[in-house]
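Summary of structural features
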Amino acid sequence: MPDSQPQPPPSSSSNESAPLLLCGARLTDGRTVDVRLCGGRIEAVGTAGSLAAGGTTGGGTRVDLGGYLLLPAPAEPHAHADTALSADRSGPVSYDPQEVQRRATEAALLQLGHGATAVRAHVRVGDVQGLGALAAVLQARRALGGLTELTTVAVPRLLTGAAGADGLAMLRDAVKMGASVVGGCPDLDPDPTGYVEAVLQVASEHGCPVDLHTDAADPARLARLAAMAGGLRPGVVLGPCGGLGRLPAEVASRTADQLAAAGVTVVCLPQGGCGGVDRRGMAPVRLLRAAGVRVAAGSGALRDVSNPVGRGDPLDAAYLLASRYGLRPEDAYDAVSSAPREVLGLPEVRVEAGFPAELLAVRGDRLAGALSLAYSRVVVHRGRVVARTSAVREYCDSSTVVELGLPRQGRGELS
C-alpha cells in the first residue's frame, strides 16, 4: 500500500542550501545521471558516479534514485482548498475556519505527495463564509511554508446588480488580505459580461492575474470575454471549458483562434469538473493546442460533493490526456508541469544546471510507463526531499515467476 510521508518544514533556510546528490536517476532522453542540488537549484548534472555529494565543499546527502525516472515537478493549477475532502460529511460543507484550514492543509499535503510542489487554490468569498475561508487557507499557506507553494484565487458569487455590490467590495478586500489572483464564475451571475468587466477592473487595479470558471458553452459570450481579456497582464485563465467540446467543430475552432489571439490560457480538468459549472464533457485539448492556445491540466475537485472520488493527482490528469484524449505522453506531462508553472508565474524547470530544484522521481524508465504505473515517488522542493511514496507489491511464491524471470518485489511467502 502506498505510504506518502511529507517531511516537516525546515527550521531555517539552511536546509535549502545543504547539498543533495540524486544518484543514478534516469532522464527522459535515456541517460542515467547524478544530479547535485544546492541552494534550491540544480548545481550540476553529470554521468552516473561522476559527482560528489558536496561538490568542492565535501559533505552533503546522497539519495539513490536507481530505477527512477527524474522529471520536472508537476504544479496544480486548479484546486478547491476550501471544499476539499468534504465529501464524507453529512449536510452542507463546513466553513468553520479551523475545519477549512485542516482540510486545506491535508489536501495540499496529499497533492504534494503526488508530486505537485505548487498549487493554485480557488476559495469562495462573500455569502455565508465572508472572508473566513480565505483567511483559513492563507493560514494553511503560511503553515506549509518550505513544503509547498500554495496561492489563492478569490471567488465571489455575484458582482453585478444590487446584490453584486457587496461581492465586489468583498473581492477587493480579499486581494488586500492576500489573495494573489482574482476569479469567479461569470456563468452564475445574471450579467456574465458585467461580472467579467468587474473582475478585470479589480485585476487591473491590483496588477493581479485572472482565473475564471466557465463552461464556455456560449461562443458569443466567450468571444466578448476574449476581446476584453486581450493584452491583460499578467494574464487570463479560463477553465474547465467543457462546453467547448460540445460545440460544432467549426464554431469551436473559431473560438479557439479567438482565445489564442487574446493570449488566454485554458485549464482543463480531465479527472472531472468542479462545483459552479456544468460538469459535462471535456475541453477539446488537441483543437486548442493546434490553434496555439496554452493548455494546462488540473485536478479540480478533491473528494468534495462535485467529485467524491477526486484524487488530486497530476499524473492521473496526464494519464487521461494521453489515454483518452490522444496527447503524446510528453505533451500530456507538459500539461501538468511546464504549462501550469507558467500559468502560476513560476520559473521554468529543466533537469539542467542552473534551474530550480523542483523535481519528481517516479519508479520507471520511460515516461509512458511512469504515467501508467507511477506508484513510488520522491518529491523535491527547493532542493530537498519533501515527500516519499513507496509502493511494494507482493506475490505468493510461484515457479512461473522464477521460470520466466519476471520482476518481483517481496518480503517472504504470503499465506
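As the structure is a computational prediction, the values presented were derived from the model and not from experiment.

Remarks on the overall build of the protein chain
Across its full length, the protein chain carries 13 helices and 17 strands. Each of the 415 residues in the protein chain was classed as buried or not, and the buried ones make up 51%. In the protein chain, the proportion of contacts linking residues at least 24 apart, taken out of those at least 6 apart, comes to 72%. Carbon and sulfur atoms make up 50% of the accessible area of the protein chain, which amounts to about 17700 Å² in all.

Digging into the confidence of the model for the protein chain
Averaged over every residue, the pLDDT of the protein chain is 90; residues scoring 70 or more account for 89%. Within the model, pLDDT remains below 50 along residues 1-14, and this stretch shows 32 contacts once partners closer than five positions in the same chain are excluded. Ignoring residues within four places in sequence, the model shows residues 410-415, a span with pLDDT below 50, making seven contacts including any to other chains.

Let's talk about the packing of helix α5 (residues 192-206) against helix α6 (residues 219-229)
Contact geometry of α5 with α6 gives a least axis separation of 11 Å together with a crossing angle of 20 degrees. On the basis of their axis angle, the class for α5 and α6 is roughly parallel. The two elements α5 and α6 meet at a crossing, and its hand is right-handed. Contacts from P192, T193, V196, E197 and L200 in α5 reach R221, R224, L225, M228 and A229 in α6.

A few points about the side chain of T117
As for its position among the elements, T117 is in the loop between α2 (97-114) and β8 (118-125). For T117, a relative accessible area of 1% corresponds to the buried category. Among residues more than four places away in sequence, those in contact with T117 are A73, P74, L112, T148, E149, R341, E358, V379, V380 and H381.

A closer look at the nonpolar core
Judged by nonpolar contacts, the single largest core of 83 residues is most densely connected at V210, L238, L259, L288 and L321. With seven residues, α5 is the single largest residue contributor to this core. For L288, the residues in contact, after removing those within four places along its chain, are L244, A256, L259, V266, A283, V293 and V295. Among the nonpolar cores identified, the runner-up in size contains 20 residues, and L27, V349, L359 and V385 belong to it.

So, the packing of α2 against helix α3 (residues 132-143)
Two numbers describe a pair of packed helices, the interaxial angle and the distance between the axes. In contact at an axis separation of 8 Å, α2 and α3 are set at 45 degrees when each is read in the N-to-C sense. Here α2 lies oblique to α3, going by the angle between them. Note on packing geometry: the crossing formed by α2 with α3 is right-handed. Each of P97, V100, Q101, A104 and T105 in α2 lies in contact with α3, whose residues at this interface are A133, A136, V137, Q139 and A140. For the contact of α2 with α3, the residue count by class is seven nonpolar, three polar and no charged.

Remarks on the side chain of H381
You can see H381 is positioned in strand β16 (residues 377-381). Classification of H381 by relative accessible area gives buried; the value is 1%. Here H381 is in contact with T117, G146, L147, T148, E149, A357, E358 and V386, once residues within four sequence places are set aside.

Points about unusual backbone geometry
With an omega dihedral of 0 degrees, the bond running from G239 to P240 counts as a cis peptide bond. The topology assignment puts P240 in strand β12 (residues 236-240). The backbone of R303 shows a phi angle near 50 degrees, a positive value even though the residue is not glycine. Following the sequence through the fold, R303 ends up in the loop between β14 (295-297) and α9 (314-323). Positive phi values are uncommon outside glycine, yet R382 reaches one of about 55 degrees. For R382, the location among the structural elements is in the loop between β16 and β17 (384-390).

Focus on the environment of R350
Of note, R350 is situated in the loop between α11 (338-343) and β15 (359-363). Sequence separation between R350 and S338 is twelve residues; the distance between their C-alpha atoms is 9.1 Å. Setting aside its immediate chain neighbours within four residues, R350 contacts I42 and F355. Reaching out from R350, the side chain makes a polar contact with the side chain of E348 at a distance of 2.9 Å.

Details of helix α4 (residues 161-177)
In a regular helix each residue adds 1.5 Å, so 17 residues correspond to 24 Å; α4 covers 24 Å between its end C-alpha atoms and thus fits that length. Taken together, the buried positions of α4 are occupied by G164, G167, L171, A174 and V175. In a view along the axis of α4, the buried residues occupy a sector of 90 degrees, so they form one face of it. Residues A162, D166 and K176 are exposed on α4 and point more than 90 degrees away from its buried face. Those residues of α4 that are buried lie in contact with β8, α3, β9 (149-156), β10 (181-184) and α5. Downstream of α4 by one or two residues, G178 has phi in the positive range, about 145 degrees.

How each quantity is defined
Residues numbered from 1 in each chain as written. Predicted model: local features only at pLDDT ≥ 70, side-chain atom pairs only at ≥ 80, totals over all residues. Heavy atoms only, no water. Helix = DSSP H or I, 4+ residues; strand = E, 2+ residues; numbered from the N terminus. Buried < 20%, exposed > 50% of the residue type's maximum accessible area, 1.4 Å probe, protein only. Contact = heavy atoms within 4.5 Å. Areas by Shrake-Rupley, 256 points an atom, 1.4 Å probe, with all protein chains shown as cover. pLDDT = per-residue confidence, 0-100. Axes fitted to C-alpha atoms, helices over the stretch in contact; angles between N-to-C directions. Parallel < 35°, antiparallel > 145°, perpendicular 65-115°, else oblique. Left-handed = near helix turned anticlockwise from the far one by under 90°. Core = buried A, V, L, I, M, F, W, Y, C linked by side-chain atoms within 4.5 Å. Nonpolar A, V, L, I, M, F, W, Y, C, P; charged D, E, K, R; others polar. Polar contact = N/O pair within 3.5 Å; in protein donor to acceptor, adjacent residues only side chain to side chain. Expected span 1.5 Å × (residues − 1). Arc of directions from axis to C-beta.

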